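Fold and geometry: a report
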Amino acid sequence: MQSEVRVSSHEPIDRISENIYGHFAEHLGRCIYGGLWVGDDDRVETEDGIRMDTVSLLRGLNMPVLRWPGGCFADDYHWEDGVGPRDERPRRRNLWWTQGRENIPEESNEFGTDEFLRLCQLLDTDPYIAVNVGSSTPQEALDWIEYCNYGGDTELANRRRENGQEEPYGVKYWGIGNENWGCGGRFAPDEYADEYRRFANYFNGFDKLMNEESTEFIACGHLTDDWNKVFFDSLNGGMEYGPGSFLGMGSPFNLMDHFSVHRYYQAGGDTDFTDEQYYKIFARAQKVGGDIDRAAETISKYVPEDEIGIIVDEWGVWHPEARSDNGLEQENTVRDALTTAGVLDLIHERADVVSMANIAQLVNVLQCLVQTDEESAWRTPTYRVFDLYENHVGRTALETSVDTEQRTIEGEENDVPMVSASASEGDGELFVTVSNRRHDEPETLTVDVGSSAYSVSSATVLFEGNDIREYSTKENADSFEADVLDVTDEGDGTVTFDAPPASVVGLTLTE
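What this report covers is the structure whose coordinates are included nearby. (Residues numbered from 1 in each chain as written. Predicted model: local features only at pLDDT ≥ 70, side-chain atom pairs only at ≥ 80, totals over all residues. Heavy atoms only, no water.)

Topic: the side chain of R51
Within the element layout of this structure, R51 appears in strand β4 (residues 50-51). At 2.7 Å, the side chain of R51 and the side chain of D53 are in polar contact. A polar contact is formed between the side chain of R51 and the backbone oxygen of D373, at a distance of 2.8 Å. Apart from residues no more than four positions distant in its own chain, R51 is found in contact with G34, G35, L36, V38, V44, E45, T372, D373, E374, E375, S376 and A377. (Helix = DSSP H or I, 4+ residues; strand = E, 2+ residues; numbered from the N terminus. Polar contact = N/O pair within 3.5 Å; in protein donor to acceptor, adjacent residues only side chain to side chain. Contact = heavy atoms within 4.5 Å.)

Quick word on the side chain of S420
Along the chain, the position of S420 falls in strand β19 (residues 419-426). For S420, a relative accessible area of 9% translates into the label buried. At 2.6 Å, the side chain of S420 forms a polar contact with the side chain of D345. Among residues more than four places away in sequence, those in contact with S420 are G342, D345, T433, V434, S435 and R437. (Buried < 20%, exposed > 50% of the residue type's maximum accessible area, 1.4 Å probe, protein only.)

Thoughts on the packing of helix α6 (residues 225-235) against helix α8 (residues 287-300)
The contact between α6 and α8 brings their axes to 10 Å, and the two run at 30 degrees. With respect to their mutual orientation, α6 and α8 come out roughly parallel. The interaxial crossing formed by α6 with α8 has right-handed handedness. In contact with D225, N228, K229 and F232 of α6, α8 contributes R294, T298 and I299. When grouped by side-chain class, the residues that make up the contact of α6 with α8 number two nonpolar, two polar and three charged. (Axes fitted to C-alpha atoms, helices over the stretch in contact; angles between N-to-C directions. Parallel < 35°, antiparallel > 145°, perpendicular 65-115°, else oblique. Left-handed = near helix turned anticlockwise from the far one by under 90°. Nonpolar A, V, L, I, M, F, W, Y, C, P; charged D, E, K, R; others polar.)

A few points about the pattern of salt bridges
This structure, assessed with the given rule, holds 34 salt bridges. Here D194 makes a salt bridge to R197, at a shortest N to O gap of 3.5 Å. Within this pair, D194 and its partner R197 are both found in helix α5 (residues 189-209), separated by three residues, close to a single helical turn. Its relative accessible area of 41% is what places D194 among the partly exposed residues. For R197, a relative accessible area of 18% puts it in the buried group. Of the charged contacts, one joins R294 and D225 as a salt bridge, the two residues approaching to 3.4 Å between their closest N and O atoms. Highlighted residues: R294 in helix α8 and D225 in helix α6, separated in sequence by 69 residues. Residue classification places R294 among the partly exposed residues on the basis of a relative accessible area of 27%. The exposure class assigned to D225 is partly exposed, which follows from its relative accessible area of 34%. Taken together, the shared-partner salt bridges connect D225, R263, D291 and R294 into one network. (Salt bridge = Lys/Arg side-chain N within 4 Å of Asp/Glu carboxyl O.)

Notes on the nonpolar core
One finds W174, Y196 and F231 to be the most contacted residues of the largest nonpolar core, which totals 126 residues. Ignoring any residue separated from it by four or fewer positions in sequence, one finds F231 in contact with P189, Y192, A193, Y196, A219, M256 and F259. (Core = buried A, V, L, I, M, F, W, Y, C linked by side-chain atoms within 4.5 Å.)

Observations regarding the sheet that holds strand β2 (residues 22-24)
Read around the closed barrel, the eight strands follow the order β2-β5-β8-β9-β10-β11-β12-β13; overall the barrel is parallel. This sheet shows a mean twist of 25 degrees between the axes of neighbouring strands, independent of strand direction. Here strand β10 (residues 216-220) pairs with strand β11 (residues 258-265) via three bridges, running parallel. Following the sheet pairing, A219 is matched in β11 by F259. Across the face of the sheet, α8 comes into contact with β11, β12 (309-317) and β13 (354-360) while running at roughly 155 degrees to β11. (Pairing = 2+ DSSP bridges.)

A few points about the state of the cysteines
Per the stated rule, a full pass over the model turns up one disulfide. This cysteine, C31, is not joined by any disulfide, and C368 carries the nearest cysteine sulfur, 8.4 Å off. With no disulfide of its own, C120 has C148 as its nearest cysteine by sulfur position, at a separation of 10 Å. Under the relative-accessibility criterion, C120 is labelled buried at 3%. (Disulfide = S-S within 2.5 Å.)

With respect to the packing of helix α9 (residues 334-349) against helix α10 (residues 381-389)
Between two packed helices, what matters for the description is the angle formed by their axes and the separation of those axes. Relative orientation of the contacting elements α9 and α10 amounts to 30 degrees, with a least axis distance of 8 Å. Considering their axes alone, α9 and α10 lie roughly parallel with respect to each other. As for how α9 packs across α10, the hand of that crossing is right-handed. Contacts from V334, D336, A337, T340, A341, L344, D345 and H348 in α9 reach P381, T382, V385, F386 and Y389 in α10. Tallied by class, the residues present in the contact of α9 with α10 amount to eight nonpolar, three polar and two charged.

Observations regarding unusual backbone geometry
Keep in mind that most residues, glycine aside, have a negative phi and that most peptide bonds are trans. Residue W68 is joined to P69 through a cis peptide bond whose omega torsion reads 0 degrees. Positionally, P69 belongs in the loop between β5 (65-68) and β6 (92-93). The omega angle of the peptide bond from A360 to Q361 is -15 degrees, so this bond is cis rather than trans. By secondary structure assignment, the location of Q361 is in the loop between β13 and β14 (370-372). For N109, which is not glycine, the phi dihedral falls at a positive 65 degrees. Within the secondary structure, N109 is located in the loop between β7 (106-107) and α2 (113-123). Positive phi, normally seen in glycine, also occurs at F463, with a value near 75 degrees. Topologically, F463 is positioned in the loop between β22 (455-462) and β23 (483-484). On the basis of relative accessibility, which here comes to 1%, the residue F463 falls in the buried class.

None of this, on its own, says anything about what the molecule does.
The structure is reproduced here in structure tokens:
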């Protein structure tokens, strides 16, 4: 079969934010306890209780931002339980998930705010903290940001110093609640708007007067247009009685920098799926693009363009094998990794509106990038896609069209293109990523970049020779590494090659 990818180098979309390649770690399963934190366990190298084999692998991705502590866990989490001497911290419930090596619904609070922010320091990544709206108050949230970010002489700032951190952490991203239409309190949209306005009002006051570095606030949206519309209508409600620009308060929309949506998808099991289900999961993953478009359209009716970014701060494959009583663990296959490439391509197409994305989750849980046992850590196939796609980061996304067969899936709103692609430009280079989704035959591909000034400098391929149901283990993790791909540079701005079945290709072209 044959397909063509056309890159329009003179039609830029926008810069691809580093934060599109963000991550998410929740107190769930073996993500935190066992995956990132082992405390005094000497079976692996640690620094301040954090697993350094996991950190070493994650450093290879140059992670831009890490969201924590949830997820559903966030809206039943009280941050002061997790600071101070560890042997004095209370053991609490985990209302939503079993976790840790014991796989029980309890939270030891060994890993709290200072441990999370130490992890971010080790990874050189920006922290993104989701505060408790569902079962807490603006007072508790405001105390948290003061503990983290204030450099003055208050009880909370001094408590941070007593706990070992002299200077403010400077946490930039603060999510006001999580899925507050669901596990975060089952708020109606107008109810969440009232809560968001209230929490963000106090955060905004802190930010303007007491914060040395600016912070950005994130509202949690829904996948339905009606819910989001009622939220935005209600957020602005009552302002005819409000202070206007008094004390610089202005519009309530000034209290929001980002608006988030979540999307998970599945079709069949993690390794037990039919050919039809193999393709169906791509149709379902494509819903991410529609989610972003609808959220952006809703926002555009209320605020000027570019003032509020879209965040997809939970996304990925959630197979039926991942359950709340098994810590949401599932096998991580080549099929999963191919869906990742397609979603990243969709996000690149929307680089002008997407300000962040956070795949779920970082270690051991759902579509994780790293897996661990008691002695080792290893990369998943999804890690390999993130590693390959990192070349897009910080570059300008370009309009890219694909002429390929479309497969219709019964009962699905989206057809599945057999080839997915995206391209970016920067520093005299073009980088093009292309996926062949056919699992049973190669695809002859022509990539046309529209200029003979560019020539191929490197070409790599992922998953050549790997089966679509193959999943990562400690023993086989290296088999998913990228290989060199033979391509033909025609010298006129076109490159031809055969993409193996179920593979992802990265092409670098230089002037």
